[in-house]
Amino acid sequence: TPVIAEGQEPPPCTFPLAKITTAQSGPQNYAFSEPRVVLAAPKGNNYTISAWLPDNQQVLMTEGLYNNFVDKNNNFPQESISLFNPETGSSKLYATRVAAGDLPVWSPVLNAVVYPAINYTSIDRKAGILKFTRQVWISHGDPNSVQKLADNLSQFPFGVKPDGSEMIYRSDNKIAG
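A brief look at the structure comes next. (Residues numbered from 1 in each chain as written. Predicted model: local features only at pLDDT ≥ 70, side-chain atom pairs only at ≥ 80, totals over all residues. Heavy atoms only, no water.)

## Points about the overall build of the chain
Note the cut-off: Numbering of helices and strands runs from the N terminus, with a helix taken as a DSSP run of H or I at least four residues long and a strand as a DSSP run of E at least two residues long. Partly exposed describes any residue whose relative accessible area lies between the buried limit of under 20% and the exposed limit of over 50%, with all areas from a 1.4 Å probe on protein chains only and scaled to the type maximum. By the convention used here, residues are in contact when the closest approach between their heavy atoms is within 4.5 Å. Note on areas: Shrake-Rupley, 1.4 Å probe, and residue coverage restricted to the protein chains presented here.
Counting secondary structure elements, the chain contains zero helices and eleven strands. The secondary structure elements of the chain, listed N-terminal to C-terminal, are β-β-β-β-β-β-β-β-β-β-β. Scored against the burial criterion, the 177 residues of the chain give a buried share of 29%. Nonlocal contacts in the chain, meaning residues at least 24 apart in sequence, comprise 28% of its contacts between residues at least 6 apart. Counting every atom, the chain has about 12300 Å² of accessible surface; 52% of that belongs to carbon and sulfur.

Below, the structure is given as structure tokens:
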């Protein structure tokens, strides 16, 4: 361990990159500029970023579509699930659901989005009773071809292994996977 005299700065650190020796590696300089807006939500809607994808090019995000309501859900706010590329500004819709408040997850093994959803089965507005089921769905990129993975979950959230190879959730007071 080198001893640093009082009042002197320590030497700059170097960090080896993959397959590069410490001697070949050197500090990198970064220049920061003013932030730029890459996406702005329409008035009344909002975006939530769930995670960067492993390709480091896209983010998984939701958009609250509070100005769009679907009759079959008795006018509950909708939410879209998309991949967005901040560099190009392009996005790809994966699914639309009733706004659930729980974030979707990217599964790199399946190359798909896994997401929780709420399915309202009956509504009695006078009595203030909402009956619903909690579900987990998967989308491979076509919002018209989503697949249900689980239904009647006792609660959210669910968990997905970081590599996307397994999913667990609570069902009938047991952890299922």
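## Concerning the environment of T48
Tracing the chain through its elements places T48 in strand β1 (residues 46-52). T48 sits 53 residues away from G101 along the chain, and the two C-alpha atoms are 9.7 Å apart. What T48 contacts, discounting residues up to four positions off in sequence, is L60, M61, T62 and L103.

## A few points about the nonpolar core
Note the following rule: Throughout, nonpolar core names a set of buried Ala, Val, Leu, Ile, Met, Phe, Trp, Tyr and Cys residues whose side chains join them through atoms within 4.5 Å.
Residues L53, L60, I81, L83, Y94, A95, W106, V113, Y115, A117 and W137 constitute the largest nonpolar core, which totals eleven residues. Going through the elements one at a time, β3 (77-84), β4 (91-98) and β6 (112-124) are the ones with two or more residues in this core. Top element by residues in this core is β6. It accounts for three residues. When neighbours within four sequence positions are excluded, V113 is seen to be in contact with L60, I81, Y94, P104, V105, W106, W137, I138 and S139. By size, the runner-up hydrophobic cluster in this structure holds eight residues, among which are A112, V136, A150 and M167.

## Quick look at the packing of aromatic side chains
Here is the rule we go by: The criterion for an aromatic pair is that two Phe, Tyr or Trp rings (for Trp, the six-membered ring) have centres within 6.5 Å, with stacked assigned to planes under 30 degrees apart, edge-to-face to planes over 60 apart and tilted to the rest.
Applying the stated criterion to the full structure yields two aromatic pairs. When the centroid spacing of 6.0 Å and the interplanar angle of 75° are considered together, the rings of Y94 and W106 count as edge-to-face. Taken together, the residues span a long stretch of sequence, with Y94 in strand β4 and W106 in strand β5 (residues 105-107) at a distance of twelve residues. Residues Y94 and W106 agree in their burial class; the two are buried.

## A short note on the pairing of β6
Under the convention used in this document: When DSSP finds two or more bridges between two strands, those strands count as paired.
Sheet analysis places β5 next to β6, joined by three bridges and oriented antiparallel. Within β6, the residue paired with S107 across the bridge is A112. The hairpin turn running from β6 into strand β7 (residues 129-139), its antiparallel successor, is four residues long, and G128 in that turn takes a positive phi close to 70°.

## Details of the side chain of R97
Put simply, the test is: Polar contacts, as used here, are pairs of N or O atoms within 3.5 Å; protein pairs need one atom able to donate a hydrogen and one able to accept it. Residues neighboring in sequence count only if both atoms are side-chain atoms.
Locating R97 in the fold gives a position in strand β4. A polar side-chain atom of R97 sits 2.5 Å from the main-chain carbonyl oxygen of P116. Setting aside residues no more than four positions away along its own chain, R97 makes contact with T62, P77, Q78, E79, I81, D102, P104, Y115, P116 and A117.

## What to know about unusual backbone geometry
At N56, a position not held by glycine, the phi torsion is positive, near 55°. With respect to the element layout, N56 can be found in the loop between β1 and β2 (59-69). In the Ramachandran plot, N111 falls in the positive-phi region, its phi being about 50° despite a non-glycine side chain. Considering the arrangement of structural elements, one finds N111 in the loop between β5 and β6.

## Topic: the side chain of T62
Tracing the backbone shows T62 in strand β2. Beyond its immediate stretch of four places on either side in the chain, T62 contacts N46, Y47, T48, E79, S80, I81, R97 and P104.

So far we have only geometry, and geometry alone does not tell us how the molecule works.
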